[in-house]
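Summary of the model geometry
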Amino acid sequence: MVLGASALFLLLEYLQFYRDTLQNRHYLKYPNNADVDGSIAFHTWPPGANAMTMAGQRRLDHTVAIIATAIADGIPGHFIETGVWRGGMSFMAAKALEVLATIETERTGVATPPRLVYLCDSFAGIPEQTSYGRGRDHVHPASGLDRKAHAFGILNDNSVDRVREDAARVNLGPTLRWVPGYFNESLPRLAREEPSLTFLTIRLDGDAYWSTYEALTVLYPRLSPGGFVIIDDFTDWTTCREAVDRYRAEQRIADDH
C-alpha cells in the first residue's frame, strides 16, 4: 500500500468531522487554542463534560499520520495506547485503521484483516507515586508533576463503562480490546495471555515515571521492526522523560535506532 502526501491529506480531511466530534468541538469553543495544541500546552482542560480527548488536533492528526505511514510501510501488528482517559485518541486510531483497511480491500479485492486497538488504563486515575513505586528493583522518588498526579481530579473522571458507551456512540466496538488496571499488573497479564501480540504503533500517555517505564518494559519488545513509539508527555513531564532515558540506557538504544 502506497500513501503519498496527497492521500494522507485526504485521509485527514475525511476524518475531520470524526476528530471534531471526539473533541466536542462542534458545540464548545476551547480557550487558548487548546483544541489545536492540546490541553496541557496551555494548562487548560477541555471545557464541558463531553470531550473524549484532551490531546488536541495536532496530536490526533499526528497519530493518524503515524499509523498510515506504518501501514504504507508494511509494518505488521496492532495499535496500543496506555493511558486512554475517555478513549478519544484510541477511537481516532481505530477509525483510521478501519478506513485504511477499507481502502486496501477496495484496492486489492481481498478482505483486509482488521487491526485491533488495545485501550490500557487504570480507569481510576494515576496512583499516588510514592507508594506505587515502593518495592521496585530501582528507586525513583516522586518529583515534579508525579508528586501531585494522583490529585488531578479530571484524570479520575472516567470509567471503563463510560468509555465503552462512548465507543458505541461513535460506532466502534469490534476492534477494541480493553485492558483495565494499573500497568504493573495489566500489561504483564496481557503479554501472558497473548504472547504473540505485536504492534505497529505504541502510544504512551500514562504521564508519570512508573506508568511510562512499565509500559516500555512490556510493550517495546513487542514493537514490530519499523514500527513507531509515540510518547505523549516526553517534552512536558520531566519524570516521563527520565523513564524513557532510563529504559533506553538499560537496553542500549542509541539515537540512530
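Here's a quick rundown of the structure. Everything numeric in this text was worked out from a predicted model, so none of it was measured. (Residues numbered from 1 in each chain as written. Predicted model: local features only at pLDDT ≥ 70, side-chain atom pairs only at ≥ 80, totals over all residues. Heavy atoms only, no water.)

**Let's talk about the pattern of salt bridges**
Oppositely charged side chains can form a pair if their charged atoms are brought close together. Stated formally: Salt bridges are defined by distance alone: a side-chain nitrogen of Lys or Arg within 4 Å of a carboxyl oxygen of Asp or Glu. A run of DSSP states H or I qualifies as a helix once it reaches four residues; a run of E qualifies as a strand once it reaches two. Both are numbered from the N-terminal end. Between buried and exposed lies partly exposed: a residue is buried under 20% and exposed over 50% of the maximum accessible area for its type, with that area taken using a 1.4 Å probe on protein chains only.
As enumerated under the stated definition, the model contains 13 salt bridges in all. A salt bridge links Asp-35 to Arg-25, with the nearest nitrogen and oxygen atoms 2.9 Å apart. A residue pair is termed long-range when its members are at least 10 positions apart, and Asp-35 in helix 3 (residues 34-37) and Arg-25 in the loop between helix 2 (16-22) and helix 3 qualify at 10 residues. Exposure remark for Asp-35: the relative accessible area of 12% places this residue in the buried category. Put simply, Arg-203 and Asp-232 hold a salt bridge, and the shortest N to O gap is 2.6 Å. Of the two residues, Arg-203 sits in strand 4 (residues 199-204) while Asp-232 sits in the loop between strand 5 (223-231) and helix 10 (238-251), which places them 29 residues apart along the sequence. Judged on exposure class, the residue Arg-203 and its partner Asp-232 are both buried. One salt-bridge network, in which partners are shared between bridges, spans Arg-19, Asp-20, Arg-25, Asp-35 and Asp-61.

**Considering the state of the cysteines**
Under the convention used in this document: The rule for a disulfide is simple: a pair of cysteine sulfur atoms within 2.5 Å.
Tallied over the full model, the rule gives 0 disulfides. The structure places no disulfide on Cys-120, whose sulfur is separated from the nearest cysteine sulfur, that of Cys-240, by 16 Å. Among the residues examined, Cys-240 registers a relative accessible area of 1% and is labelled buried.

**What about the sheet that holds strand 3 (residues 176-180)?**
Under the convention used in this document: Two strands pair if DSSP finds at least two bridges between them. Simply put, an axis is a line fit to the C-alpha atoms, just over the touching stretch for a helix, and the angle between two N-to-C directions goes from 0 to 180 degrees.
Taking strand neighbours across the sheet as the criterion, the 5 strands line up as 3-2-1-4-5 in an open arrangement whose pairing is parallel. Two strands lie at the open edges of the sheet, namely strand 3 and strand 5, each paired on one side alone. Going from strand to strand, the sheet's axes swing by 15° on average, the running direction of each strand aside. Relative to strand 4, strand 1 (residues 78-82) runs parallel, the two being bridged by 5 bridges.

**As for helix 5 (residues 88-108)**
Basically, it comes down to this: Multiply 1.5 Å by the residue count of a helix minus one, and that product is the helix's expected span.
Between its first and last C-alpha atoms helix 5 spans 30 Å; for 21 residues at 1.5 Å apiece the expected length is 30 Å, and the two agree. Directly beyond the C-terminal end of helix 5, a positive phi value near 80° is found at Gly-109.

**Thoughts on the pairing of strand 2 (residues 117-121)**
Test applied: Handedness of a crossover is defined as follows: with both strands directed away from the viewer, a clockwise route from the first strand across the helix to the second makes it right-handed.
Judged by how many residues are buried, strand 2 sits mostly within the fold: 5 of 5 residues are covered. Here strand 2 shows no split at all, with Val-117, Leu-119 and Asp-121 on one side and Tyr-118 and Cys-120 on the other all buried. By the bridge criterion, 4 bridges tie strand 1 to strand 2 in an arrangement that is parallel. By the bridge assignment for strand 2, Ile-80 is matched with Tyr-118. With helix 5 bridging strand 1 and the parallel strand 2, this β-α-β connection has right-handed handedness. Examined bridge by bridge, strand 2 and strand 3 share 5 bridges and lie parallel to one another. Across the sheet, residue Tyr-118 finds its bridge partner in strand 3, namely Arg-177.

**Some words on the environment of Asp-121**
To keep things clear, this is the line we draw: N or O atoms within 3.5 Å of each other form a polar contact, as long as, within protein, one can give a hydrogen and the other can take it, and as long as residues adjacent in sequence are counted only when both atoms are side-chain atoms.
Residue position: Asp-121 is located in strand 2. The buried category is assigned to Asp-121, whose relative accessible area is 8%. As a C-alpha pair, Asp-121 and Tyr-18 span 103 residues in sequence and 23 Å in three-dimensional space. At 2.8 Å, the side chain of Asp-121 forms a polar contact with the backbone nitrogen of Val-84.

**Observations regarding the environment of Leu-22**
To be explicit about the condition: Any two residues having at least one pair of non-hydrogen atoms within 4.5 Å are treated as being in contact.
Relative to the helices and strands, Leu-22 is located in helix 2. The buried category is assigned to Leu-22, whose relative accessible area is 0%. The sequence separation of Leu-22 and Arg-86 amounts to 64 residues, and the corresponding C-alpha distance is 9.5 Å. Look past the residues within four positions of Leu-22 in its chain and what remains in contact with it is Ala-51, Met-52, Thr-53, Gly-88, Phe-91, Met-92 and Val-170.

The analysis is restricted to geometry; functional conclusions fall outside its scope.
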